[in-house]
Amino acid sequence: MAETFTAHHVLEYPGGYTRSVGPVIGRFLTALRDGRIEGVRLADGRVLVPPTEYDPVTSQDVAPEGDHWVTLGPAGRVETWTWVREPRPGKHPLDRPFAFALIRPDGADTAMLHAVDCGSPDAITVGMRVAPRWRAERRGHVTDIEAWVPLADGEEPQPAPLRVPAEDEGPVTGIVSPVRLEYDVTAGEATTRYLRGLAEGRIVGARAPSSDDVYAASRGTDPRTGEPTTVEVEVRDTGVVTTFCVVNIPGLSELAPEIPYVSAQILLDGADNTFFGLIRGIPVDEVRMGLRVRAKWADELKPDHTSIEWWEPTGEPDAPYEHYKDYL
Amino acid sequence: MAGKLVGVVGVGQTKHRAANKEVSIAGLVRTAAKEALDDAGMTWADIDAVVIGKAPDMFEGVAMPELYLADALGAAGKPMMRVHTAGSVGGSTSIVAAKLVAAGVHERVLTVAFEKQSESNATWGLSVPMPFAPPLVAGAGGYFAPLIRAYIARAKAPRHVGHLVAVKDRLAALRNPKAHLHMPDIDLKTVEESLLLWDPLRYLDTCPSSDGAMAMVLASERVADELPGPVAWVHGMAMRSEPTMFARRDQVNPQAGRDCAKDVYAQAGIRDPRADLDCAEVYVPFSWYEPMWLENLGFCAEGDGWKLTESGATAPDGDIPWNPSGGVLSSNPIGASGMVRFGEAAQQVRERAGDYQVPLRTGKALGHAYGGGSQFFSMWVVGRDKPAA
């Protein structure tokens, strides 16, 4: 059996997610922008940093204002750490080897995760004193602290560089959170066979083993029973539009054509399932249920969906409703 | 219904909005949960377990948000689980939570469902092109609009019936302060003149995109009987699924929906849903899904759904009001929308629906949700009185 297709896939919301942070985390981020670390004193006296909107033990609200807010550190101690030998560009906070550490700022009862820039794993120990190295350009984000650096005995932490607030600058209310997933998608045997068929100008279907139903494209199993569809059947490249809509929304994806266009469910001759296809070669207001269509094959055939560019009228009389009514 | 009795003793929800920028996701779910706890007269400490639901993680880009939300929802030291069945998730989450009580595992369960759609874009989240998948992208409306066209042809329905639903549900929402859309001036002409998005669907035939959360406290009979507030008793609950694609699948009137309704009615002793229920909160994200689901859920014969809608029977003052809260057409925080239906049904039989309260006759109401390509269904029937033994 020939190898199944695999493709690299990137899933990424364009521009990043716009995350509203709420008033409590918003105040923490606003303080970072001001060059200060703020936490909250909980009902049991413990000081939490970063603060959350609720007491993590009792779930009671933590108010965004009040004298339970305390300024911490800025120096603190390393509680535990791990060394990052090979930082990945754009994915790690520093471009040189560093430690990810849990750091407990002075005055706090909890630790926060951050980077320690100390050159070598030999230069970091549990209990070591560290202080934040603030960025000059701060925007209300946890990376306003570029990294933490070792603090010698008796040494004072460096204050945050002065920053001129932007005009009309309010408290921080949100962050942009880029999320990117990259992974390899495997097509599976049935889809690979279907796609290889397209490269030969053929539509490969498969017959369900315990019925006469033909699926094109088959996913390798009969969706009714889960049985493997092992018998391949070639399906014609003509069929009927069972139903459709006219899309008037621009830019649904890079792949969507100019509006208006027709997205139709198509029942191929010799198949028993419908699938979505693009209809062209006819004014959109003349497309109708029952329209007979044929695949418009690309000049250059490839083992992917680009081999069928769209579906266009055959010119035959429309199929009667009875022919496709059970496929709606 | 099998198992021990389950009562809805607390209901809470956010004011649904296009973008709720004042709160984090944790703040959003806590708003609904605290309201439900207050309604039940309970505190976080009273809860035995938490069941949370939402639609795909891609909407907010937070993978497994239930982990981050455990302490926000008071689940520290308690069981917590997350449910996901696409758009029906709010319904299936309610059912999973109720079954923990019906099974006698817990006596007080907090269940919450949410979506914060303003953190990304739902059309993007539902239409990410995948390798090897057919490339045509037309969004959620592009999936359902052809099925609506098929319904119109099959039932020989006049084209204005969908618009009637679009107007009816928006006018109903005016009585619901928590609804996202408040459009006092809406009429048939406004809908007919709104942008044609996916012919035959116009802009005002479609649901909005909302930030919102819904929560309920579910309790055992022993606990519910001791509380002073009204109780909505669960008389039946059911879920069904089917593949999105198989040969001769009835996509307009899916078998899974028909079977799910039959099951829940049998449990609740409903023989004629139009006569035996006081109202229904049904997942209608596109206007035409009211007549389609009227048929699917057995409120009329196949082909007659549009006639029932056209007659006004489903209006708030009709004999079988559908979506007196304004429904999904007026508020759609996707992952929460199903639980909003379940919770609004409960509020009706608790007589807590405020200005959109329907008169109680049988004291029973249906909550319904569906999701994916009409492939997941979840329903419950709740009643003012305890189910007959």
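So, a few notes on the structure that sits alongside this text.

Rules and cut-offs
Residues numbered from 1 in each chain as written. Chains lettered and ligands numbered in written order. Predicted model: local features only at pLDDT ≥ 70, side-chain atom pairs only at ≥ 80, totals over all residues. Heavy atoms only, no water. Helix = DSSP H or I, 4+ residues; strand = E, 2+ residues; numbered from the N terminus. Rg over C-alpha atoms; globule rule 2.2 N^0.38 Å. Contact = heavy atoms within 4.5 Å. Areas by Shrake-Rupley, 256 points an atom, 1.4 Å probe, with all protein chains shown as cover. Lys, Arg positive; Asp, Glu negative; His and termini not counted. Charge placed at Lys NZ, Arg CZ, Asp CG, Glu CD. Expected span 1.5 Å × (residues − 1). Buried < 20%, exposed > 50% of the residue type's maximum accessible area, 1.4 Å probe, protein only. Pairing = 2+ DSSP bridges. Buried area = accessible area lost by both parts, 1.4 Å probe. Salt bridge = Lys/Arg side-chain N within 4 Å of Asp/Glu carboxyl O. Polar contact = N/O pair within 3.5 Å; in protein donor to acceptor, adjacent residues only side chain to side chain. Nonpolar A, V, L, I, M, F, W, Y, C, P; charged D, E, K, R; others polar. Axes fitted to C-alpha atoms, helices over the stretch in contact; angles between N-to-C directions. Parallel < 35°, antiparallel > 145°, perpendicular 65-115°, else oblique. Phe/Tyr/Trp six-rings, centres within 6.5 Å; stacked < 30°, edge-to-face > 60°. Disulfide = S-S within 2.5 Å.

## Let's talk about the overall build of chain A
Counting its regular elements, chain A contains three helices and 20 strands. The C-alpha radius of gyration computed for chain A amounts to 31 Å, which surpasses the reference 20 Å derived for 328 residues by more than 25%, pointing to a less compact arrangement than a globule. The long-range fraction of contacts in chain A, counting pairs at least 24 apart against all pairs at least 6 apart in sequence, stands at 60%. Working note: accessible area of chain A is about 16,600 Å², and carbon and sulfur atoms make up 51% of it. In chain A, which carries 33 positive and 52 negative side-chain charges, the distance between the mean positions of the two groups comes to 2 Å.

## So, helix H1 (residues 22-33) of chain A
With twelve residues, H1(A) should cover 16 Å at 1.5 Å per step; its first-to-last C-alpha distance of 16 Å lies within 8% of that length. The element H1(A) is extensively covered by neighbouring structure, given that nine of its twelve residues are classed as buried.

## Quick word on the pairing of strand S10 (residues 364-371) of chain B
All names here are of chain B. Most of S10 is tucked away, with eight of its eight residues classed as buried. Taking every second residue as pointing to the same face, both faces of S10 are buried, with Lys 364, Leu 366, His 368 and Tyr 370 on one and Ala 365, Gly 367, Ala 369 and Gly 371 on the other. Bridging between strand S9 (residues 279-281) and S10 involves three bridges; their strand directions are parallel. Looking across to S10, one finds that Cys 279 is bridged to Ala 365. Where S10 meets strand S11 (residues 376-383), eight bridges bridge the pair, whose relative direction is antiparallel. By the bridge assignment, Ala 365 is partnered in S11 with Val 382.

## Considerations on the interface of chain A and chain B
On the chain B side, the residues contacting the 64 residues of chain A number 64 residues. For the pair chain A and chain B, the summed buried area comes to about 5,100 Å², and 60% of that belongs to carbon and sulfur atoms. The interface formed by chain A and chain B holds five salt bridges in total. For Arg248(B), the salt bridge identified is with Asp213(A), shortest N-O distance 2.8 Å. There are 29 residue pairs in polar contact (both at pLDDT 80 or more) connecting chain A and chain B. Elements with a contribution of two residues or more to the side of chain A that touches chain B: strand S1 (6-12), strand S2 (17-20), H1, strand S12 (180-186), helix H2 (189-199), strand S16 (238-247), strand S17 (261-268) and strand S18 (274-279) of chain A. Across the side of chain A that touches chain B, the residue classes break down as 34 nonpolar, 20 polar and ten charged. Here two bridges tie S16(A) to strand S5 (residues 196-199) of chain B, and the two strands are oriented antiparallel to one another.

## Section: the packing of helix H3 (residues 89-102) of chain B against helix H14 (residues 334-349) of chain B
Residue and element names in this part refer to chain B. Across the interface, H3 lies against H14 with an axial gap of 5 Å and an inter-helix angle of 60°. In this view, H3 runs oblique relative to H14, as classed from their interaxial angle. For the pair formed by H3 and H14, the contact residues are Val 89, Gly 90, Gly 91, Thr 93, Ser 94 and Ile 95 on the first element and Gly 335, Gly 338, Met 339 and Phe 342 on the second. For the contact of H3 with H14, the residue count by class is four nonpolar, six polar and no charged.

## With respect to the packing of aromatic side chains
Residues and elements named next belong to chain B. Taken as a whole and judged by the stated rule, the model has 20 aromatic pairs over all chains. With a centroid separation of 5.6 Å and 80° between ring planes, the pair formed by Tyr 283 and Tyr 370 is classed as edge-to-face. Taken together, the residues Tyr 283 in the loop between S9 and helix H11 (289-296) and Tyr 370 in strand S10 connect sequence positions 87 residues apart. Taking the centre distance of 6.2 Å and the plane angle of 20° together, the rings of Tyr 370 and Phe 377 count as stacked. Residue classification places Tyr 370 among the buried positions, given a relative accessible area of 3%.

## Notes on the sheet that holds strand S3 (residues 37-41) of chain A
All names here are of chain A. The sheet built from three strands is open, its strands ordered S4-S3-S5 with antiparallel pairing. At either margin of the open sheet sits one strand with a lone partner, and together these are strand S4 (47-48) and strand S5 (69-72). Pairing of S3 with S5, which is carried by four bridges, proceeds in the antiparallel orientation. Bridging across to S5, Glu 38 finds its partner in Thr 71.

## A word on H2(A)
Residue and element names in this part refer to chain A. Within H2, the full set of buried residues consists of Ala 190, Thr 191, Thr 192, Tyr 194, Leu 195, Gly 197 and Leu 198. In the core, the buried residues of H2 are packed alongside strand S13 (203-207), strand S19 (292-297) and strand S20 (308-313). Phi turns positive one or two residues past the end of H2, at Gly 201, with a value near 75°.

## Re the environment of Thr186(A)
Following the sequence through the fold, Thr186(A) ends up in strand S12. Once the C-alpha coordinates of Thr186(A) and Leu267(A) are considered, the two residues, 81 residues apart in sequence, prove to be 27 Å apart. The residues touching Thr186(A), leaving out its near neighbours within four places in the chain, are Thr4(A), Phe5(A), Thr6(A) and Phe132(B).

## What about the state of the cysteines?
By definition, a disulfide is the covalent link that joins the sulfur atoms of two cysteine residues. All names here are of chain B. For the structure on display, the rule yields zero disulfides over all chains. Cys 279 provides the cysteine sulfur closest to Cys 300, a residue in no disulfide bond, and the two sulfurs are 17 Å apart. A relative accessible area of 19% places Cys 300 in the buried class.

## Some words on unusual backbone geometry
Between Val49(A) and Pro50(A) the backbone carries a cis peptide bond, its omega angle lying at -10°. Checked against the element boundaries, Pro50(A) lands in the loop between S4 and S5. With an omega of -5°, the peptide bond between Ala216(A) and Ala217(A) qualifies as cis. Note that Ala217(A) resides in the loop between strand S14 (214-215) and strand S15 (231-235). A positive phi angle is found at Phe132(B), which is not glycine, with a value near 75°. Residue position: Phe132(B) is located in the loop between helix H4 (122-126) and helix H5 (139-155). Phi is positive for Lys156(B), which is not a glycine, with a value near 50°. Looking at where Lys156(B) falls in the secondary structure, it is placed in the loop between H5 and helix H6 (161-173).

## Remarks on the sheet that holds S11(B)
All names here are of chain B. Taken in spatial order, the nine strands make up an open sheet running S3-S2-S4-S7-S1-S8-S11-S10-S9, and their pairing is mixed. A strand with exactly one partner marks an edge of an open sheet, and here the two such strands are strand S3 (80-83) and S9. Ignoring strand direction, the axes of neighbouring strands in this sheet form an average angle of 25°. In the packing of helix H1 (residues 25-40) onto the sheet, contacts are made with strand S1 (6-13), strand S4 (108-116) and strand S7 (211-220), and the angle to S1 comes to roughly 130°.

## Considering the pattern of salt bridges
Taken as a whole and judged by the stated rule, the model has 56 salt bridges over all chains. With a closest N to O distance of 2.7 Å, Glu60(B) and Lys54(B) form a salt bridge. It is possible to trace a salt-bridge network through shared partners that takes in Arg27(A), Asp34(A), Arg36(A), Glu38(A) and Glu65(A).

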